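Coordinates in review
For reference, the chains in residue letters:
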There are 2 protein chains.
Amino acid sequence: MVTPGDRARGVSGSPLDTLDFTLDRSSPVPLYYQLAQQLEAAIEHGVLAPGNLLGNEIDLSVRLGLSRPTVRQAIQSLVDKGLLVRRRGVGTQVVHSQVKRPLELSSLYDDLESAGQGPTTQVLRNERQPASTEVAANLGVKEGSEVVVLERLRCTHGEPVAFLCNYLPSGLLELDGARLESTGLYRMMRTAGITLHSARQTVGARSATAAEAKRLEESEGAALLTMQRTAYDDTGRAVEFGTHIYRASRYAFDFQLLMRP
Amino acid sequence: MVTPGDRARGVSGSPLDTLDFTLDRSSPVPLYYQLAQQLEAAIEHGVLAPGNLLGNEIDLSVRLGLSRPTVRQAIQSLVDKGLLVRRRGVGTQVVHSQVKRPLELSSLYDDLESAGQGPTTQVLRNERQPASTEVAANLGVKEGSEVVVLERLRCTHGEPVAFLCNYLPSGLLELDGARLESTGLYRMMRTAGITLHSARQTVGARSATAAEAKRLEESEGAALLTMQRTAYDDTGRAVEFGTHIYRASRYAFDFQLLMRP
DNA sequence: TAGTGGTCTAGACCACAGT
DNA sequence: CTGTGGTCTAGACCACTAC
């Protein structure tokens, strides 16, 4: 006999039924997080295919020996990531597309590294100076107060890709030139315990001036991609303001936007 | 006498203490949402200044006649929005910066309209055709299957700003030319009950070809901003793929990124 | 040591979708 | 009608922070 519940999960049952999750209650990792990770892995590996129903939350909580709110918390975190969709009266399904890339503060160094291009960085300038009106406004400090100014040239395969000019509040971070050349600024900030939280970006384009063209080994008038960004930590304090210029022939921004209704 | 609790909230107490929230239990609006909205309004209006502590969740729940999980849900939604920060052992505070603009799927029409520029749109093309390899891959449909192709020229103050080329799965939406000229594509999709959920974007730059320059009233070789986007609805199905070209002299992308740890 | 948020439980009732 | 997710309650214990 086939009960309504069987039909709801499909005749062959939810793929989740054959999956066993291992929960370690003695672990410091929260239970909802352990469950979320294993669900995400199942989706990633295709065990849960797009469109598959997860089965209802009550059954799942009973089967796992968890309370329903805990299971909900795990599922909700994946809904927030865009991996699952909930529909009242229907159930929870895996989304149909395989858009997995999370939204991140794009760090050029990380972008290039993950693309396997082996970037190198040349620090052109690393010193302290009084903040200009524009820099002060963007960093939320007083005009004329001391800030660190950083100018870098980033290359791949021996050719320039971008010219990066950044301003940081003085005293926030020790900027060692050698480490700056071997890793990205954002990675250094993370290592220093600064947790980036959000950023405001403006992306535009313009033609290269003679000086810019020379620096980036482009021809004068070539199209350049420009980006201005202010980054904030988790308390909302501005921790970086930068103006970046990219060779459009060698770089483009690639990112994902999420809408929250 | 000053108790530790008084000190924790500051000598004058949390500004929240003098605020009265009105909760309507008969309303269909969830209680946590009512609370979240009123908290957000208090922050927006400066009643809760950056750095202010909210007071602990237990007291708040008692004072409001709600359970702690409900209060937590309200607070969590504002933490997700980046308006509040929680610190274990410390409390919940308002973030220090006034970065409030939410992350959104930027619709050029909405952008221009909110900037008060009064955009106009000219529909150059609106017809069905078989999907090319590229379009099919981006929309997740079979190559050669019918899609709607839409070409529009967007202007402000009588001058072109952007040339927009979009592809939509056939049968998704009725595209009335007149309405397309008076509103944006995204707004039409929302009206038709399609809830956009996420999008993948690539932003780059290049020099204008002769044809592009003519169409956008630029000079040949001028810097153009290019954007390619695939948008997905809440089930993860691709609902739009587009290639947009903007006059860099008249438009730039402005958006906020949020990091989720 | 005291206060905070972080996690978890075991129930409950409701609104909505599909039959 | 049944089954689903959406919301809500009233407790509990733990980990971290500051004093």
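Residues numbered from 1 in each chain as written. Chains lettered and ligands numbered in written order. Predicted model: local features only at pLDDT ≥ 70, side-chain atom pairs only at ≥ 80, totals over all residues. Heavy atoms only, no water.

**Re the protein's contact with DNA strand D**
Around DNA strand D sit 25 residues in total, of which Asn-56 and Gly-89 of chain A together with Arg-25, Leu-31 and Thr-70 of chain B are the nearest. A breakdown of the atoms of DNA strand D within 4 Å of the protein gives sugar and phosphate a share of 65%. With respect to DNA strand D, the side chain of Tyr-32 of chain B contributes an N or O atom lying 3.2 Å from a phosphate oxygen. Of all elements in the fold, only α4 (68–81), β1 (84–87) and β2 (91–94) of chain A together with α2 (31–44) and α4 (68–80) of chain B reach the threshold of two or more residues within the surface near DNA strand D. (Near = heavy atom within 4 Å. Polar contact = N/O pair within 3.5 Å; in protein donor to acceptor, adjacent residues only side chain to side chain. Helix = DSSP H or I, 4+ residues; strand = E, 2+ residues; numbered from the N terminus.)

**Topic: the sheet that holds strand β5 (residues 159–169) of chain B**
Strand order across the open sheet formed by seven strands is β9(A)-β6(B)-β7(B)-β8(B)-β5(B)-β4(B)-β3(B), with antiparallel pairing between neighbours. The sheet is open, and its two borders are formed by β9 (253–258) of chain A together with β3 (120–130) of chain B, each paired with just one other strand. Neighbour-to-neighbour, the strand axes of this sheet turn through a mean angle of 15 degrees, independent of strand direction. As defined by bridge partners, β9 of chain A adjoins strand β6 (residues 196–207) of chain B across six bridges and the pair is classed as antiparallel. Opposite Phe-255 of chain A, over in β6 of chain B, you have Gln-201 of chain B as the bridge partner. (Pairing = 2+ DSSP bridges. Axes fitted to C-alpha atoms, helices over the stretch in contact; angles between N-to-C directions.)

**Some points on the protein's contact with DNA strand C**
Around DNA strand C, the structure places 25 residues, and the nearest of them are Arg-25, Leu-31 and Thr-70 of chain A together with Asn-56 and Gly-89 of chain B. A distance of 3.3 Å separates a base nitrogen of DNA strand C from a polar side-chain atom of Arg-68 of chain A. Thr-70 of chain A is positioned such that a nitrogen or oxygen atom in its side chain is 2.6 Å from a phosphate oxygen of DNA strand C. Elements that contribute at least two residues to the surface near DNA strand C include exactly α2 (31–44) and α4 of chain A together with α4, β1 (84–87) and β2 (91–94) of chain B.

**Observations regarding the environment of Glu-159 of chain B**
Residues and elements named next belong to chain B. As for its position among the elements, Glu-159 is in strand β5. Residue classification places Glu-159 among the partly exposed residues on the basis of a relative accessible area of 35%. With 91 residues separating them in the primary sequence, Glu-159 and Arg-250 have C-alpha atoms 9.6 Å apart. Every residue in contact with Glu-159, bar those within four places of it in the chain, is listed here: Arg-154, Glu-217, Arg-247 and Arg-250. (Buried < 20%, exposed > 50% of the residue type's maximum accessible area, 1.4 Å probe, protein only. Contact = heavy atoms within 4.5 Å.)

**Some thoughts on the sheet that holds strand β9 (residues 253–258) of chain B**
Reading across from one edge, β3(A)-β4(A)-β5(A)-β8(A)-β7(A)-β6(A)-β9(B) is the order of the seven strands in this open sheet, with antiparallel pairing throughout. Strands with a single pairing partner mark the edges of an open sheet, and in this sheet they are β3 (120–130) of chain A together with β9 of chain B. Strand-to-strand twist in this sheet, taken as the mean axis angle between neighbours without regard to direction, amounts to 15 degrees. Note: strand β6 (residues 196–207) of chain A against strand β7 (residues 223–233) of chain A, eleven bridges, orientation antiparallel.

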